[in-house]
Amino acid sequence: NNNDIRTINHLRHVDSMATMPSGAGKIPRLNAVILGEALATEENDLVFPTDEFSQQAHVPSPQKYLEMYKRSIEDPAGFWSEIASQFYWKQKWDDSVYSENLDVSKGRVNIEWFKGGITNICYNCLDKNVEAGLGDKIALYWEGNDTGFDDSLTYSQLLHKVCQLANYLKDMGVQKGDAVVIYLPMLLELPITMLACARIGAVHSVVFAGFSAESLSQRIIDCKPKVVITCNAVKRGPKIIHLKDIVDAALVESAKTGVPIDTCLVYENQLAMKRDITKWQDGRDIWWQDVIPKYPTECAVEWVDAEDPLFLLYTSGSTGKPKGVLHTTGGYMVYTATTFKYAFDYKPSDVYWCTADCGWITGHSYVTYGPLLNGASCIVFEGAPNYPDSGRCWDIVDKYKVTIFYTAPTLVRSLMRDGDEYVTRYSRKSLRILGSVGEPINPSAWRWFYNVVGDSRCPISDTWWQTETGGFMITPLPGAWPQKPGSATFPFFGVKPVIVDEKGVEIEGECSGYLCVKGSWPGAFRTLYGDYERYETTYFKPFTGYYFTGDGCSRDKDGYHWLTGRVDDVINVSGHRIGTAEVESALVSHPKCAEAAVVGIEHEVKGQAIYAFVTLVEGEPYSEELRKSLILSVRKQIGAFAAPERIHWAPGLPKTRSGKIMRRILRKIASGQLDELGDTSTLADPNVVEQLISLSNC
Ligand code: 6R9
């Protein structure tokens, strides 16, 4: 029987692993557990790749992984410089491939990779591939919101479009190091704009087009862009969203704060809305279609240092305003390309689709840069995955013969709820690898994804990583080893994850604790824009000597990693990071709100949902209308995706005598676990808890 053979093969691998010397990075352990059958059911701990799959994979066995991993840990300079040499460098990096200090007790935190190396990531994505003969290969397919509307660009065509925009930006005075804010939906113009910025050394900051005007203006004020690029409107499902109106409002706000924007380039998205009804500010606003096509299709590359900034991406933290995560060029380029190649076992014949929006890190690293650096054909999807119905994804998979499908657990869960028939009515036989990102994938969703979507034959790459890490950190290599539903498995090459206790002491073997990373990797972010202090405090001070991820993690007896979610005040709603502090500040800005405390609760589809406790100003009565207006206030200040699922009226909040809100208690009340409230005696006013419980159903 095939499974027996597979098991025996793996047992053999496991045997040889026992002899692997253990390096600084704790060489992962893979113990054998006998597998009964191929179908992933609850009883089966391990899910093996098929032999056919493993044989054709870049990394076909645990041994091969261990060999490569060991090398990457013991000789990072050698390992990464060999890979980096496959890219185009105008000039090679300095002798030291990298330098790092992550230990605040030894001085400033500093990470540099390939310093002195001169390159350009846009050149490596486009020109290099065209020169290698891929000019006529499709780089990007575009699938519109409404079925029947699509488009595509070959590598040559994409290069031309990028050059035209790059020439325009230069004409507008955008220079190396200048910021450009991009507020675009998933049109081809979004990756085009990112690449055009990269080509001229400008620093792009993409703001997800679901953020509100206030959030957008906050980001504009922080990074002071030379140009803002948007479109008039977008259709999402049956709805039309007027993006330009949002930008207009943001620009009024930024101008008031001393950041006036002189140039706003607007793409006319004709499928959503014609230009004549778009509000316009002459002198500032320019239609993309009126100017860009007139520019030459060639544009000289601005050569930059590997450590020159590539982009800024704002992300939520546990306190205060969003953080501008800064990534640089060389390390990010090498890291995104390499992780893409191995975690998805990429081959030139693949058709790759990642459902993420370029407004998030996943869209940066694994829609735009990683795939294009590999010369891949990649789908950009404008619409909603359940429009016109829940079969849309599989319709797209069949239409383009997608081989690699990368998405988020929240989508998996929502499609799972809609029923198998939406899936099974499509062939999906082109699929060979599935991927998951954004939050832990629960084993039952994993199994549905594996058994129903992938017909029990496609390995799932459950990639754990963060905006800050630039690329995958803990991820399956699909041909290498058996998977466990819900586990992100083992570290990527060069990554040294460690689990520490509250005191920052590394714990070994089977354990759980705080997930940290020892040492740097090429894709690591280099700072928080304009706030180096916060960079150190948030990430390097909690556990001296390590990068602290903010996540909890456990490691099982076989060495597999299981991410357990955020341990800080960040809530992960449908894979979107939302800081409790941001939501609280949006609520408190409401004139009738005196105080607010926000916690995350479990949600069947979204993973987590936002649950807000609100104390009203003295004498204000509770009402449904007020509840709605509080929610609206969050939608307006952050975006619809951050809207609280529940508002719980709170005459008072449980606080310690020093005034700290005890969220632990609020979490228990929110999730109805009233018998697990724990010790409430340290509260300044223990009666508050009773009051809150009595208002649970109001
Ligand atoms: C890529 C991305 C990062 C946070 C991260 C963690 C959670 C992401 C995950 C996962 C478990 C996975 N997360 N991928 N948790 N398994 N495969 O999502 O970046 O938006 O910065 O979020 O998302 O909690 O800390 P970002």
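Residues numbered from 1 in each chain as written. Predicted model: local features only at pLDDT ≥ 70, side-chain atom pairs only at ≥ 80, totals over all residues. Heavy atoms only, no water.

## Quick notes on the UniProt feature "domain: AMP-binding enzyme C-terminal" (unreviewed entry) in the protein chain
- If you check UniProt for "domain: AMP-binding enzyme C-terminal" (unreviewed entry), the listed places come out as residues 582–660 in our numbering.
- Its end C-alpha atoms 17 Å apart, residues 582–660 is made of 27% helix and 32% strand. (UniProt positions renumbered as here; feature names shortened; annotations may be inferred. Helix = DSSP H or I, 4+ residues; strand = E, 2+ residues; numbered from the N terminus.)

## Observations regarding the environment of Val-174
- Relative to the helices and strands, Val-174 is located in the loop between helix H7 (155–171) and strand S6 (179–183).
- Taking relative accessible area as the criterion, Val-174 reaches 3% and is therefore assigned buried.
- Placed 27 residues apart in sequence, Val-174 and Gly-201 show a C-alpha to C-alpha distance of 9.1 Å.
- Setting aside its immediate chain neighbours within four residues, Val-174 contacts Leu-169, Val-180, Ile-200, Ala-202, Lys-226 and Val-227. (Buried < 20%, exposed > 50% of the residue type's maximum accessible area, 1.4 Å probe, protein only. Contact = heavy atoms within 4.5 Å.)

## Comments concerning empty space enclosed by the protein
- Under the defined criterion, the tally for this structure stands at 6 cavities of 30 Å³ or more.
- By volume, the second largest cavity is sized at about 60 Å³.
- Taken together, Asp-222, Tyr-314, Lys-321, Pro-322, Lys-323, Gly-324, Leu-528, Tyr-529, Asp-531 and Arg-534 make up the full set of residues lining the second largest cavity.
- Classifying every residue of the lining of the second largest cavity by side-chain character gives 4 nonpolar, 1 polar and 5 charged. (1 Å grid on protein atoms, 1.4 Å probe; cavity = no way out; pocket = protein on both sides within 12 Å on 5 of 7 lines; lining within 4 Å. Points joined across faces, edges and corners; volume = space filled by probe spheres on them. Nonpolar A, V, L, I, M, F, W, Y, C, P; charged D, E, K, R; others polar.)

## Describing the site of the ligand
- Within the structure, the ligand sits among 17 residues, and Asp-462, Thr-467, Asp-551, Arg-566 and Arg-577 are positioned closest to it.
- Within the backbone of Thr-463, an N or O atom sits 2.8 Å from a nitrogen atom of the ligand.
- Interatomic distance of 2.7 Å between a side-chain N/O atom of Arg-577 and an oxygen atom of the ligand.
- A total of 530 Å² of accessible area belongs to the ligand in isolation, and the protein chains cover 97% of it.
- At the level of secondary structure, the elements contributing two or more residues to the shell around the ligand comprise helix H13 (361–373) and strand S26 (561–566).
- Of the residues in the shell around the ligand, the class split is 6 nonpolar, 6 polar and 5 charged. (Near = heavy atom within 4 Å. Polar contact = N/O pair within 3.5 Å; in protein donor to acceptor, adjacent residues only side chain to side chain. Areas by Shrake-Rupley, 256 points an atom, 1.4 Å probe, with all protein chains shown as cover.)

## A few points about the UniProt feature "domain: Acetyl-coenzyme A synthetase N-terminal" (unreviewed entry) in the protein chain
- Here, the residues flagged by UniProt with the feature "domain: Acetyl-coenzyme A synthetase N-terminal" (unreviewed entry) are residues 65–125.
- For the annotated span residues 65–125, helix accounts for 39% and strand for 16% of the residues, and the straight-line distance between the end C-alpha atoms is 27 Å.

## Digging into the side chain of Ser-487
- Within the secondary structure, Ser-487 is located in the loop between strand S20 (460–462) and strand S21 (496–500).
- Classification of Ser-487 by relative accessible area gives buried; the value is 2%.
- Polar contacts involving the side chain of Ser-487 include one to the main-chain carbonyl oxygen of His-561, which spans 2.7 Å.

## A short note on unusual backbone geometry
- A cis amide bond links Tyr-387 to the next residue, Pro-388, at an omega of 0°.
- With a phi angle near 45°, Asp-345 is a residue other than glycine that sits in the positive phi range.
- Looking at where Asp-345 falls in the secondary structure, it is placed in the loop between helix H12 (330–343) and strand S16 (351–354).
- Assessed through its relative accessible area of 1%, Asp-345 is described here as buried.
- Residues other than glycine seldom take positive phi values, yet Ser-456 does so here, at roughly 60°.
- Position of Ser-456 relative to the elements: it lies in the loop between helix H17 (443–453) and S20.

## Regarding the sheet that holds strand S18 (residues 404–407)
- Spatially, 7 strands are ordered S5-S4-S17-S16-S18-S19-S20 in an open sheet, and the strand pairing comes out mixed. One side of each edge strand has no neighbouring strand; the edge strands of this open sheet are strand S5 (150–154) and S20. Sheet twist, expressed as the mean angle between neighbouring strand axes with direction ignored, is 20°.
- Across 4 bridges, the pairing between S18 and strand S19 (residues 433–436) is parallel. The residue bridging Tyr-406 from the neighbouring strand is Gly-435, located in S19.
- Taken strand by strand, H13 contacts strand S4 (138–143), S16, strand S17 (377–381) and S18, and its axis lies near 165° from that of S16. (Pairing = 2+ DSSP bridges. Axes fitted to C-alpha atoms, helices over the stretch in contact; angles between N-to-C directions.)

## Thoughts on the confidence of the model for the protein chain
- Averaged over every residue, the pLDDT of the protein chain is 92; the share at 70 or more is 94%.
- Taken as a whole, residues 1–25 scores under 50 in pLDDT and shows 43 contacts with residues more than four places along the chain or in a different chain.
- Confidence estimates for the predicted assembly give a pTM of 0.91 and an ipTM of 1.00. (pLDDT = per-residue confidence, 0-100.)

## Concerning the pattern of salt bridges
- Throughout the structure, instances matching the rule amount to 44 salt bridges.
- As a salt-bridge pair, Glu-143 and Lys-399 come within 2.8 Å of each other at their nearest N and O atoms. With Glu-143 in strand S4 and Lys-399 in helix H14 (residues 392–400), this pair connects stretches of sequence that are 256 residues apart.
- Glu-143 sits in the buried class, given a relative accessible area of 1%.
- Residue Lys-226 pairs with Asp-178 through a salt bridge whose shortest N-O separation is 2.9 Å. (Salt bridge = Lys/Arg side-chain N within 4 Å of Asp/Glu carboxyl O.)

## Looking at the pairing of strand S2 (residues 110–113)
- Of the two faces of S2, only the one carrying Ile-111 and Trp-113 is buried; Asn-110 and Glu-112 on the other face are not.
- Bridge count between strand S1 (residues 98–101) and S2: 4 bridges; the pairing is antiparallel. Paired with Ser-99 across the bridge in S2 is Glu-112.

## Details of the pairing of strand S30 (residues 607–616)
- Most of S30 sits out of view: 9 of its 10 residues are buried.
- Here strand S29 (residues 593–603) runs beside S30; their pairing, made up of 10 bridges, is antiparallel. Within S30, the residue paired with Glu-595 across the bridge is Thr-615.
- In this structure, the hairpin formed by S29 and S30 is closed by a connection of 3 residues.
- One ladder, built from 4 bridges, connects S30 with strand S31 (residues 646–649); its direction is parallel. Along S31, the bridge assignment pairs Val-614 with Trp-649.
- Regarding the hand of the β-α-β motif, the stretch spanning S30, helix H20 (residues 624–637) and S31 is right-handed. (Right-handed = clockwise from strand over helix to strand, strands pointing away.)

## Some words on the environment of Asn-110
- Examined against the element boundaries, Asn-110 turns out to sit in strand S2.
- Classification of Asn-110 as partly exposed rests on a relative accessible area of 31%.
- Spatially, the C-alpha atoms of Asn-110 and Thr-263 are 35 Å apart, while their sequence positions differ by 153 residues.
- When residues no more than four places from it in sequence are discounted, the contact partners of Asn-110 are Ser-99, Glu-100 and Asn-101.

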